[in-house]
Amino acid sequence: YDEALDGWDAAARGFGVQVRQIDHRAPATADVILRDVMAGQEAGMFATAVRYKGTRPEMWIKHLAPDVLEPRFFGLFAKPSGDLLGWFSLTFSLGNRSLASLGLVLKADWAGKGLGVAAVRHAVTRKDVLLARPVPVLAAATLPSNDAMIHVLQKAGLIDCGEVPDGGVFKRMFATSSVKW
């Protein structure tokens, strides 16, 4: 997958953004993803059981995105520079293949500039293509204290489904349609 980011006005912003599928299993790519996840956790943006410390990324990426969930990762690359601005992931739910989950991480310099909203909208409108089969519901979870992500998900048009416990932590759930957790 390699397409322009929907809803990103390249002319007005002075550069384009390309959405490109990335191989999350490649050690260098896994390292970038895992370092971004650890930075987000340290900043209190989200919670994960992954404790990556810079070694064996090919092992740790399997903890973050187990193969059984059929994970797919997509980089958000600036055009023409090729700089990685962030990425999003899509994974299937283990118990419900009609539900997929969205994860989003942006580099700190890109927070609050519309990139997150455009990426979520792109994932929602293209989910069937990105996942290579129809998926009725796309969901996203965030910490209730993550006001920035809550704003992104609401602005992108996802429905707030409330808070649910998840592994000892409460998460606020959003979805493309109303879902009972």
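Preceding this section is the structure that the text describes.
Attention here is on the structure that accompanies the text. (Residues numbered from 1 in each chain as written. Predicted model: local features only at pLDDT ≥ 70, side-chain atom pairs only at ≥ 80, totals over all residues. Heavy atoms only, no water.)

**Quick word on the environment of F74**
Turning to step 1, where the next piece is worked out: The residue F74 is located in strand 3 (residues 72-79) in this model.
Turning to step 2, where the next piece is worked out: Ignoring anything within four residues of it in the chain, the contact list for F74 reads Y1, V19, R20, Q21, I22, G86, W87, F88, L90 and L130. (Helix = DSSP H or I, 4+ residues; strand = E, 2+ residues; numbered from the N terminus. Contact = heavy atoms within 4.5 Å.)

**A short note on the pattern of salt bridges**
Turning to step 1, where the next piece is worked out: For the coordinates displayed, the defined rule picks out 10 salt bridges.
Turning to step 2, where the next piece is worked out: Between D6 and R126 there is a salt bridge, with the nearest N and O atoms lying 3.0 Å from each other. Here D6 is found in the loop between strand 1 (2-4) and helix 1 (10-13), whereas its partner R126 is found in helix 4 (residues 115-130), with 120 residues between them in sequence.
Turning to step 3, where the next piece is worked out: In this structure R126 comes out as partly exposed when scored by relative accessible area, which is 23%.
Turning to step 4, where the next piece is worked out: When the shortest N-O distance is used, the salt bridge between D67 and R25 registers 3.3 Å. Taken as a pair, D67 in the loop between helix 3 (57-64) and strand 3 and R25 in the loop between strand 2 (16-22) and helix 2 (27-42) lie far apart in primary sequence, 42 residues in all.
Turning to step 5, where the next piece is worked out: Look at D67 and you get partly exposed, because its relative accessible area is 42%.
Turning to step 6, where the next piece is worked out: Within the structure, one salt-bridge network assembled from shared partners comprises E3, D6 and R126. (Salt bridge = Lys/Arg side-chain N within 4 Å of Asp/Glu carboxyl O. Buried < 20%, exposed > 50% of the residue type's maximum accessible area, 1.4 Å probe, protein only.)

**Considerations on helix 2**
Turning to step 1, where the next piece is worked out: Taking 1.5 Å of rise per residue, the 16 residues of helix 2 would be expected to cover 22 Å, and the 22 Å separating its terminal C-alpha atoms lies within 8% of that figure.
Turning to step 2, where the next piece is worked out: Taken as a whole, helix 2 has its buried residues at A30, D31, I33, L34, D36, V37, M38 and G40.
Turning to step 3, where the next piece is worked out: Along its buried surface, helix 2 packs onto strand 2, helix 3, strand 3, strand 4 (84-92) and strand 5 (99-106).
Turning to step 4, where the next piece is worked out: Trailing helix 2 by a residue or two, G44 shows a phi angle of about 80°, which is positive. (Expected span 1.5 Å × (residues − 1).)

**Observations concerning the packing of helix 4 against helix 5 (residues 147-155)**
Turning to step 1, where the next piece is worked out: In the contact formed by helix 4 and helix 5, the axes pass within 9 Å of each other and the chain directions differ by 50°. Our classification of the angle between helix 4 and helix 5 gives oblique. For the crossing formed where helix 4 meets helix 5, the hand is right-handed. Of the residues in helix 5, those in contact with G116, V117, V120 and R121 of helix 4 are V152, L153 and K155.
Turning to step 2, where the next piece is worked out: Residues of the contact of helix 4 with helix 5, tallied by class, amount to 4 nonpolar, 1 polar and 2 charged. (Axes fitted to C-alpha atoms, helices over the stretch in contact; angles between N-to-C directions. Parallel < 35°, antiparallel > 145°, perpendicular 65-115°, else oblique. Left-handed = near helix turned anticlockwise from the far one by under 90°. Nonpolar A, V, L, I, M, F, W, Y, C, P; charged D, E, K, R; others polar.)

By themselves, these are just geometric observations and shouldn't be taken as functional.
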